[in-house]
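# Examining the three-dimensional arrangement
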Amino acid sequence: MCGIFGIGGHDDAANLAYLGLYALQHRGQESAGIAAGDDDGRLAVQVGMGHVAEIFREEVLRRLPGRRAIGHTRYSTAGSSVVANAQPIVVRTSMGTLALVHNGNLTNARELRRELERSGSIFQTTSDTEVVLHLMARNPRRDLVDSLMVALEQVEGAFSLLLLGENVLVAARDRHGFRPLLLGDLDGAPCFASESCAFDLLGARTVREVELGEVIALRLGSPELESHRLRGTVRPTRCVFEHVYFARPDSLLFGESVSEVRRRMGAQLAREQPAAADLVVPVLDSGLLAGLGFSRESGLPLEFGLIRNHYVGRTFIEPKQSIRNFGVKIKLNPVRGVIEGRRIVLVDDSIVRGTTSRKIVRMVREAGAREVHLRISSPPTRWPCYYGIDTPTRTDLIAARSDIEEIRAFVEADSLGYLSLEGLLSAVRSPGESFCTACWTGDYRVPPAGEERAQAALFPREEEGR
Ligand code: AMP
């Protein structure tokens with residue numbers, strides 16, 4: 001879970017990267033950074049903890065001159081939450097200074113890191129991304145793009161990444177396409193972004209997806225884009241959870257409108273898991289569009305029975321021990337006038353640990369709901385993600401150890417219904433595409449690393465009959 005943005009050949013490169021990251025803030029709120037390169041090959045970088053708008057004040061952006069820039073918003077999935085792990089990661093090599101931003105998780109990073117350290121590499125961070133730079137430094141080629149491709153052919157797992165060298169900007173996507181990456185055009189300047197909402201803010205045109213296994217290079221002084229291919233078989237396994245939860249609904253993702261896909265998921269959920277109720281109440285913002293789809297299909301009115309405070313960051317600090325435990329109330333507040341005496345269909349996109357869902361169900365009941373029917377627009381999350389979505393270990397995933405009735409009892413709902421996998425896939429219409437569904441099925445197309453495999457194998461028998 002990270003957002004990346006890059007642009008080449010534009011006088012306002014760093015400012016545009018700032019705006020692009022601003023639109024991608026939902027993909028990571030922990031840290032952000034921008035590296036910019038001028039026409040003499042000098043690279044400057046600024047990173048910080050917190051939100052994009054807090055870090056990139058005017059004076060900070062002024063320290064990022066040049067016509068090329070890449071940027072990153074981070075949500076730590078591999079490596080701890082410290083500024084040393086903020087991206088871009090910048091290193092000095094025999095090929096000059098390099099800056100790298102990465103979205104996705106590499107499944108063999110630990111093994112590669114161990115080997116590299118054994119032969120003398122000194123890592124600056126605990127993030128898996130740095131492995132790519134060390135592999136490049138080990139295999140310097142006259143052409144930086146070749147060196148990157150050699151490195152990328154050794155890593156496994158998920159990567160959508162951007163590399164800024166002294167005279168080239170490169171975009172690359174793994175052969176599975178787990179994480180999104182788009183090519184755009186802003187008045188002739190090529191740009192790259194995780195989601196199209198970043199292009200919309202800039203007024204850039206979405207050209208196409210960076211293809212699976214594609215490496216696109218933009219060399220200093222040339223307007224032409226070079227397209228290269230990584231060796232190996234292309235096996236499309238795009239992450240459907242991006243459609244379910246992670247991407248912004250105003251984005252185009254894998255060629256489809258996220259908003260429409262989510263509505264279709266909600267409509268299908270209404271067909272598969274109807275509820276005798278008076279009202280549909282979406283859990284904001286995650287359940288909004290599925291809630292709309294559910295409401296239209298079922299004919300039940302949708303009402304905003306929960307209101308969200310939009311100013312709560314992920315790192316809300318509760319001010320005093322004596323007034324602790326605000327819990328979910330700090331983010332969501334029920335509207336008693338809407339809920340009281342009603343039978344509510346509460347729609348959300350997923351249940352992970354179940355603890356937040358339980359608090360929301362309780363809150364709705366305390367606001368006077370007569371019944372609470374929880375409907376989830378994806379199947380039970382039973383397996384952790386090794387490709388860049390932040391999910392806890394199997395032991396913490398409620399659906400890995402409980403059946404639907406046990407989950408219903410835990411979240412204290414009157415009924416609980418999940419969307420089926422078939423139903424979910426029918427809502428994603430990209431023709432001929434195949435998606436990664438590992439978080440629901442445990443079908444990991446790229447095997448996780450040794451230790452993770454052991455972890456994934458916990459509770460193996462529980463899959464039977466579910
Ligand atoms: P819980 O009931 O504690 O499992 O929380 C469920 C809520 O977590 C839902 O509103 C989801 O939208 C949200 N959610 C799902 N996946 C993630 C994730 N990877 N990171 C943060 N929140 C998530």
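Residues numbered from 1 in each chain as written. Predicted model: local features only at pLDDT ≥ 70, side-chain atom pairs only at ≥ 80, totals over all residues. Heavy atoms only, no water.

Contacts to the ligand come from 17 residues, most closely from Asp348, Asp349, Val352, Arg353 and Ser357. Taking Tyr245, its side chain carries an N or O atom lying 3.0 Å from a nitrogen atom of the ligand. A distance of 3.4 Å is found between an oxygen atom of the ligand and a side-chain nitrogen or oxygen belonging to Ser286. Taken by itself the ligand offers 510 Å² of open surface, and the protein chains cover 85% of this. (Near = heavy atom within 4 Å. Polar contact = N/O pair within 3.5 Å; in protein donor to acceptor, adjacent residues only side chain to side chain. Areas by Shrake-Rupley, 256 points an atom, 1.4 Å probe, with all protein chains shown as cover.)

With that settled, the discussion passes to the nonpolar core. Core analysis: the largest hydrophobic core is formed by 41 residues, its most contacted members being Met265, Val345 and Tyr387. With five residues, the single largest contributor to this core is helix α9 (residues 258-272). Leave out the neighbours within four places in its chain, and Val345 touches Ala275, Ala277, Leu279, Val280, Val281, Phe294, Leu300, His373 and Arg375. With 31 residues, the next largest nonpolar core counts Leu98, Leu133, Leu163 and Ala217 among its residues. (Core = buried A, V, L, I, M, F, W, Y, C linked by side-chain atoms within 4.5 Å. Buried < 20%, exposed > 50% of the residue type's maximum accessible area, 1.4 Å probe, protein only. Helix = DSSP H or I, 4+ residues; strand = E, 2+ residues; numbered from the N terminus. Contact = heavy atoms within 4.5 Å.)

Per the stated rule, a full pass over the model turns up zero disulfides. There is no disulfide at Cys197, and the cysteine sulfur nearest it, in Cys191, is 13 Å away. (Disulfide = S-S within 2.5 Å.)

Moving on, we come to the packing of aromatic side chains. Aromatic ring pairs are described here by two measures, namely the spacing of the ring centres and the angle between the planes. Following the criterion strictly, the structure yields 10 aromatic pairs and no others. Ring centres 6.3 Å apart and planes at 85° place the aromatic pair Trp383 and Tyr444 in the edge-to-face group. Within this pair, whereas Trp383 is found in the loop between β21 (371-376) and α13 (398-401), its partner Tyr444 is found in the loop between α16 (438-441) and α17 (450-456), the two being separated by 61 residues in sequence. Across the pair, Tyr444 and Trp383 agree in class, each one buried. (Phe/Tyr/Trp six-rings, centres within 6.5 Å; stacked < 30°, edge-to-face > 60°.)

Taken together, the side chains of Val45, Val47, Met49 and Val83 define a hydrophobic patch exposed on the protein surface, amounting to about 280 Å² of accessible area. Met49 gets classed as partly exposed once you look at its relative accessible area, which sits at 37%. (Patch = residues over 30% accessible without salt bridge, like charges linked within 9 Å, V, L, I, M, F, W, Y side chains within 5 Å. Salt bridge = Lys/Arg side-chain N within 4 Å of Asp/Glu carboxyl O.)

In this section: the pattern of salt bridges. Any two side chains of opposite charge can pair, on the condition that their charged atoms come close. Per the counting criterion, the structure on display carries 29 salt bridges. Salt-bridge contacts for Arg74 lead to Glu30; the nearest nitrogen and oxygen are separated by 3.4 Å. In this pair, Arg74 is assigned in strand β4 (residues 68-74) and Glu30 in the loop between α1 (13-23) and β2 (31-37), connecting sequence segments 44 residues apart. Classification of Glu30 by relative accessible area gives buried; the value is 11%. Two residues, Arg264 and Glu256, come together in a salt bridge whose shortest N-O distance is 2.7 Å. Glu256 sits in the buried class, given a relative accessible area of 11%.

In this section: the sheet that holds strand β8 (residues 168-173). Read from one edge to the other, the open sheet built from six strands follows the order β5-β6-β7-β8-β12-β13, with strand pairing classed as antiparallel. Each edge of the open sheet is held by one strand with a lone partner, namely β5 (89-93) and β13 (225-229). Direction aside, neighbouring strands of the sheet carry axes that sit 20° apart on average. Two elements, β8 and strand β12 (residues 214-219), share five bridges in a ladder whose sense is antiparallel. Bridging across to β12, Ala171 finds its partner in Ile216. (Pairing = 2+ DSSP bridges. Axes fitted to C-alpha atoms, helices over the stretch in contact; angles between N-to-C directions.)

Let us look at the confidence of the model for the protein. For the protein, mean pLDDT is 91; residues scoring 70 or higher make up 92% of the total. Within the model, the stretch residues 458-466 combines pLDDT values under 50 with 15 contacts to residues more than four positions away or in other chains. (pLDDT = per-residue confidence, 0-100.)

As a further point, take unusual backbone geometry. Cis peptide bonds are those with omega within 30 degrees of zero, and the linkage from Gln87 to Pro88 qualifies with 5°. Counting through the fold element by element, Pro88 comes out in the loop between β4 and β5. Here the phi dihedral of Glu412 falls at roughly 65°; this positive angle occurs in a residue that is not glycine. Along the polypeptide, Glu412 turns up in the loop between α14 (404-411) and β22 (415-418).

For helix α12 (residues 355-366), built from 12 residues, the straight-helix expectation of 16 Å at 1.5 Å per residue is met to within 8% by its first-to-last C-alpha distance of 17 Å. Those residues of α12 not exposed but buried are Ser357, Ile360, Val361, Met363 and Val364. What you see down the axis of α12 is that its buried residues fit within an arc of 160°, all on one side. On its buried side, α12 packs onto β18 (306-308), β19 (332-334), α11 (336-339), β20 (343-348), β21 and α14. Gly368 sits one or two positions beyond α12 and adopts a positive phi of about 105°. (Expected span 1.5 Å × (residues − 1). Arc of directions from axis to C-beta.)

Another point: the domain arrangement of the protein. Structurally, the protein comprises domain 1 (3-235) and domain 2 (242-456). A C-alpha centroid distance of 31 Å is found between domain 1 and domain 2. Each side of the interface is counted separately: domain 1 has 28 residues, and domain 2 has 23 residues. The junction of domain 1 with domain 2 conceals about 2,300 Å² of combined surface from both sides, 53% of it contributed by carbon and sulfur atoms. Taken together, domain 1 and domain 2 are joined by two salt bridges. Between Arg27 and Glu242 there is a salt bridge, with its nearest N and O atoms 2.8 Å apart. At the junction of domain 1 with domain 2, the criterion picks out 10 residue pairs in polar contact (both at pLDDT 80 or more). Counting residues per element, the ones that place at least two in the side of domain 1 that touches domain 2 are α4 (109-118) and α7 (196-202). Taken together, the residues that form the side of domain 1 that touches domain 2 break down as seven nonpolar, 11 polar and 10 charged. (Domains from an automatic or database assignment. Buried area = accessible area lost by both parts, 1.4 Å probe. Nonpolar A, V, L, I, M, F, W, Y, C, P; charged D, E, K, R; others polar.)

Counting through the fold element by element, Asn85 comes out in the loop between β4 and β5. Exposure remark for Asn85: the relative accessible area of 0% places this residue in the buried category. Looking at Asn85, its side chain comes within polar contact range of the side chain of Thr126, at 2.8 Å. A distance of 3.5 Å separates a polar side-chain atom of Asn85 from the backbone nitrogen of Ser127.

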